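Observations on the three-dimensional arrangement
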Amino acid sequence: MDSSRAVHGNEIPALLGEWRNGAGSLAQRLADAVEDAVERGELLESWVLPSERNLAAALDISRSTTARGMEMLAKRGVVRRVQGAGTFVAGRSGAAAGAAASAATRARLPRGLRGKYRLGSDTDPGVAAATFPDATGLPREALTLNADDLLSAQPSGATPGSGYAIAGLDATRVAVAASLSANGLPTTPEGLVLTTGATQSLSLAFEMLLSPDDVVIVESPTYPTTLELLRRTGARIVPIRTGDGTVGADALVRLARKTRATMAVVMATCNVATGRSLTDADRSLLVRLAQSGVAVVDDRTLADYHPTPAPVPVAALAEHRNIITVGSFNKIYWGGLKMGWIRLHPSLVETLVRIKSRTDAGSSVPSQILLTKLLPHHGHIVAHRQSETRRRTHLASAFLHDELPDWRDEAAGIGPSQWIRLPLRDTAEFVGFAHAHGTTVGYGGLYRSDGRPSAHLRMTLTSGDDEIMAALRNLRDVWSAFHASHSRRR
């Protein structure tokens, strides 16, 4: 990590950009701009900001405005003010910071809702945080298993095997590699390990490559499970805002160099919350970052939701030991399939398989057989899922426009979710209020890599049309009741 350094007043205007544009008071806009600079990695932990007098002079504002902006930032936990020493960019390193951030995020939610977002807990159906389509739309002729299927399934050889195949059945690895290759990601069976899903793939990659207090750059928003897995390793999570399309990989690369990062975790195609994707130029920068010694983990869990032509996968631009790609069929086929994959340099496969063997001896053989039968229908399944989400995106967007005009959908219109900004500093209280009134949605703060409050909520689009519309109508009514409740309090 960089040591503490003083940020000079003449650096601030360039760091904050057009900070005067936006909503709220001048002090609030200043606070928002400084927080954005921290999220982009332009201001790092322990750096000292200019004094209020120097900051006011640099930005041509009153000192009282600067003081109010710094006070807001201190309340948000973005800075810490030390009497006689100055104002520091806040943060604690290592596992303690991760645990504190996770606990603080969940503490903002009502007790009855907290457990529903924990890794491993039951997932609510409907428009809640998870994205698991049901089996509707899968070809029935592929959903068959018989005795011959099981008796002929073996890791290798011509006789039935034990069913233990840690890297996956040979036939399934061949089929998955061929499918990935046909969809733009050249892959060989020797560079592929089958898993129960992207969560296990990420867990294996993190265990293989990370040590406690390693710095990991993580885009924000991202999967809450990704953050939970990283916190378990004791890694220090450093957020970078790329998922909303406002910051590119150039900022990520600069941040990785500043912090001497070990790894960067991105969803280069179809971010979990916004559906946005990195540009081709950004992907080339990630390749160069990997070539410089930083492991780049590209999570393609939702990449199949991107319409054609889809962006070129990062790993397709260069074959390198530091580029690891993970994916899942659970989010595009069916949640009950429990099949994912990790693509990596063949020289790393033996190490990864050894780590995997500590917890399981291979993914379910019936699931692998079913996957092998489903893969020839991949194009049809993907087209069906994309059609469903496009229709539901249109329905939901039209409803929001007509019935909730002060809610802003900030998603790209791609993928199985909507990322909605509410006119609130933090949506935690409203998410809890909605849950108590029958509709559970994803709290935006859980998707932030820094654990800070969020003005967003995430609504998924993998339920039926009627269920989604019923949830939206309930959210409209709940929003009205929420406002009425707050008005009575005031």
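Scroll up to find the structure.
Residues numbered from 1 in each chain as written. Predicted model: local features only at pLDDT ≥ 70, side-chain atom pairs only at ≥ 80, totals over all residues. Heavy atoms only, no water.

**Brief notes about the environment of S25**
Heads up, the condition is: Only DSSP runs of H or I covering at least 4 residues are called helices, and only runs of E covering at least 2 are called strands; the numbering of each starts at the N terminus.
Within the fold, S25 resides in the loop between α1 (12-16) and α2 (26-39). Residues S25 and T65 lie 40 residues apart in sequence; the distance between their C-alpha atoms is 9.1 Å.

**Observations regarding the nonpolar core**
Short version of the rule: To qualify as a nonpolar core, a set must consist of buried Ala, Val, Leu, Ile, Met, Phe, Trp, Tyr and Cys residues joined through side-chain atoms within 4.5 Å. The cut-offs for exposure are 20% and 50% of the maximum accessible area for each residue type, with area from a 1.4 Å probe on protein chains only; residues under the lower value are buried, those over the upper are exposed, and the others partly exposed.
One finds L43, I217, Y333, W407 and F430 to be the most contacted residues of the largest nonpolar core, which totals 107 residues. Broken down by element, the residue count for this core peaks at seven residues, all from helix α18 (residues 465-489). Among the nonpolar cores identified, the runner-up in size contains 28 residues, and L230, A235, I237 and L348 belong to it.

**Here's the deal with the sheet that holds strand β3 (residues 86-89)**
Where we set the bar: Any two strands are treated as partners once DSSP identifies two or more bridges connecting them. Contact between two residues is taken to exist if any of their heavy atoms lie within 4.5 Å; hydrogens are not considered. Axes, fitted as lines to C-alpha atoms, cover a helix only where it is in contact. Angles between the N-to-C directions of the axes lie from 0 to 180 degrees.
Read from one edge of the open sheet, three strands run β1-β3-β2, paired in antiparallel fashion. Of all the strands in the sheet, just β1 (48-49) and β2 (79-82) have a single pairing partner and so form its edges. In this structure, β1 lies alongside β3, joined through two bridges in antiparallel fashion. Among the inter-strand pairings, L49 is bridged to a residue of β3, identified as T87. With respect to the sheet, helix α4 (residues 63-76) is in contact with β1, β2 and β3, its orientation differing from that of β2 by roughly 115°.

**Quick notes on the pattern of salt bridges**
Basically, it comes down to this: The working definition used for a salt bridge is a side-chain nitrogen of Lys or Arg within 4 Å of a carboxyl oxygen of Asp or Glu.
Overall, the coordinates contain 19 salt bridges when judged by the stated rule. Residue R81 pairs with E52 through a salt bridge whose shortest N-O separation is 2.3 Å. In this pair, R81 sits in strand β2 while E52 sits in helix α3 (residues 52-59), placing the two residues 29 residues apart along the sequence. According to the relative accessible area criterion, E52 is buried, its value standing at 19%. Of the charged contacts in the structure, one is a salt bridge between E388 and R392, with a shortest N-O distance of 3.9 Å. Note that E388 and R392 are positioned in helix α16 (residues 378-403) at a spacing of four residues, about one turn of the helix.

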